[in-house]
Amino acid sequence: MPAIELIDKYYPQADELKHILLTHSRSVAEKALQIADKHPELALDKAFLYEAGMLHDIGIFLTDAESIHCHGTMPYICHGYLGADLLRGEGYPKHALVCERHTGAGLSLDQIIAQDLPVPHREMMPVSLEEQVICFADKFYSKTHLEREKTVEKARKSLSRYGEAGVLRFNHWCEQFL
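**Student:** Requested: an account of the packing of aromatic side chains, with residues and values cited.
**Tutor:** The tally for this structure, following the rule as stated, stands at seven aromatic pairs. Ring centres of Phe 140 and Phe 170 lie 5.8 Å apart, and the angle between their planes is 40°; this geometry places the pair in the tilted category. Taken together, the residues Phe 140 in the loop between helix H7 (129-138) and helix H8 (152-160) and Phe 170 in helix H9 (residues 164-177) connect sequence positions 30 residues apart. For Phe 170, a relative accessible area of 0% puts it in the buried group. Aromatic rings pair up to connect Phe 136, Phe 140, Phe 170, Trp 173 and Phe 177 into one cluster.

Below, the structure is given as structure tokens:
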């Protein structure tokens, strides 16, 4: 799968947004591959981890997030399912699931409804190990501080704003993947 070709299709300009997307996505993909190397017993699909790690945020251009040069019309929290829609349209349904399920530590239907989130009403929780690894790896990198990896504590703190369930999932992943 040509991850870079798909990124180039939706981000044709060599601008700051594309730089942010590529830098962040490479960091996430590389961390996911490090986890795979550290845990051969998990038998993770490394090619898929790289591709999906590179594509997990492909939908950000459709959102309005000025601090990272996104000038779309949708709220930023929508970038996961919007990217999933793009990848499904391109014929990559498995990669689309990573896009849809990586927001926070996953979004449950109950959470979506309780918080009145502007996303489709369906479960958006990472299911496969690869989905979980990419979701976990993503928590260590922001798009506003590309040059540094967050500590476990900082990643945990950013998740805590969205409820205890995500922190508990993250803690489980720390035990499983670190």
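**Student:** So what about unusual backbone geometry? Which residues, and what values?
**Tutor:** With the exception of glycine, most residues fall at negative phi, and the peptide bonds are largely trans. The phi torsion at His 69 lies on the positive side, around 65°, for a residue other than glycine. Here His 69 lies in the loop between strand E1 (64-65) and strand E2 (70-71). Judged by relative accessible area, His 69 falls into the partly exposed class, the value being 37%. Here Asp 116, not a glycine, exhibits a phi torsion of approximately 50°, which is positive. Within the secondary structure layout, Asp 116 lies in the loop between helix H6 (109-114) and H7. Owing to a relative accessible area of 64%, Asp 116 belongs among the exposed residues under this scheme.

**Student:** How would you sum up the pattern of salt bridges? Please name residues and give values.
**Tutor:** Tallying each qualifying case throughout the model produces 12 salt bridges. Of the charged contacts in the structure, one is a salt bridge between Glu 149 and Lys 31, with a shortest N-O distance of 2.7 Å. In this pair, Glu 149 is assigned in the loop between H7 and H8 and Lys 31 in helix H2 (residues 16-38), connecting sequence segments 118 residues apart. Residue classification places Glu 149 among the partly exposed positions, given a relative accessible area of 39%. The residue Arg 156 makes a salt bridge to Glu 153 at a minimum N-O spacing of 2.8 Å. Highlighted residues: Arg 156 and Glu 153, both in helix H8, separated by three residues, approximately one helical turn. Judged by relative accessible area, which is 22%, Arg 156 ranks as partly exposed.

**Student:** Tell me what's going on with the packing of helix H4 (residues 79-89) against helix H5 (residues 93-101), and back it up with residues and numbers.
**Tutor:** Where H4 meets H5, the closest approach of the two axes is 7 Å, and the angle between their N-to-C directions is 175°. Here H5 runs roughly antiparallel to H4, going by the angle between their axes. In this structure, H4 contributes Gly 80, Tyr 81, Gly 83, Ala 84, Leu 87 and Arg 88 to the contact, and H5 contributes Pro 93, His 95, Ala 96, Leu 97, Cys 99 and Glu 100. Grouping the constituent residues of the contact of H4 with H5 by class yields seven nonpolar, three polar and two charged.

**Student:** Summarise the layout of surface pockets; cite the residues concerned and give the values.
**Tutor:** Take a probe with the size of a water molecule and roll it over the atoms, and the empty space left behind shows itself. A volume near 920 Å³ is recorded for the largest pocket. The wall of the largest pocket is formed by 39 residues, among which Tyr 76, Lys 150, Ser 158, Arg 161 and Tyr 162 lie closest to the centre. Elements supplying a minimum of two residues to the lining of the largest pocket: H8 and H9. Considered class by class, the residues forming the lining of the largest pocket number 12 nonpolar, 16 polar and 11 charged.

**Student:** Tell me about H9, and please be specific about residues and values.
**Tutor:** Compared with the 20 Å implied by 1.5 Å per residue over 14 residues, the 20 Å span of H9 between its first and last C-alpha is a close match. Within H9, burial applies to Gly 166, Val 167, Phe 170, Trp 173, Cys 174 and Phe 177. Projection of H9 onto a plane perpendicular to its axis shows the buried side chains occupying an angular sector of 120°, all on one side. What points out from H9, more than 90 degrees from its buried face, is the exposed set Glu 164, Leu 168 and Glu 175. If you follow the buried residues of H9, they end up packed against H2, H7 and H8.

Rules and cut-offs
- Residues numbered from 1 in each chain as written.
- Predicted model: local features only at pLDDT ≥ 70, side-chain atom pairs only at ≥ 80, totals over all residues.
- Heavy atoms only, no water.
- Phe/Tyr/Trp six-rings, centres within 6.5 Å; stacked < 30°, edge-to-face > 60°.
- Helix = DSSP H or I, 4+ residues; strand = E, 2+ residues; numbered from the N terminus.
- Buried < 20%, exposed > 50% of the residue type's maximum accessible area, 1.4 Å probe, protein only.
- Salt bridge = Lys/Arg side-chain N within 4 Å of Asp/Glu carboxyl O.
- Axes fitted to C-alpha atoms, helices over the stretch in contact; angles between N-to-C directions.
- Parallel < 35°, antiparallel > 145°, perpendicular 65-115°, else oblique.
- Contact = heavy atoms within 4.5 Å.
- Nonpolar A, V, L, I, M, F, W, Y, C, P; charged D, E, K, R; others polar.
- 1 Å grid on protein atoms, 1.4 Å probe; cavity = no way out; pocket = protein on both sides within 12 Å on 5 of 7 lines; lining within 4 Å.
- Points joined across faces, edges and corners; volume = space filled by probe spheres on them.
- Expected span 1.5 Å × (residues − 1).
- Arc of directions from axis to C-beta.

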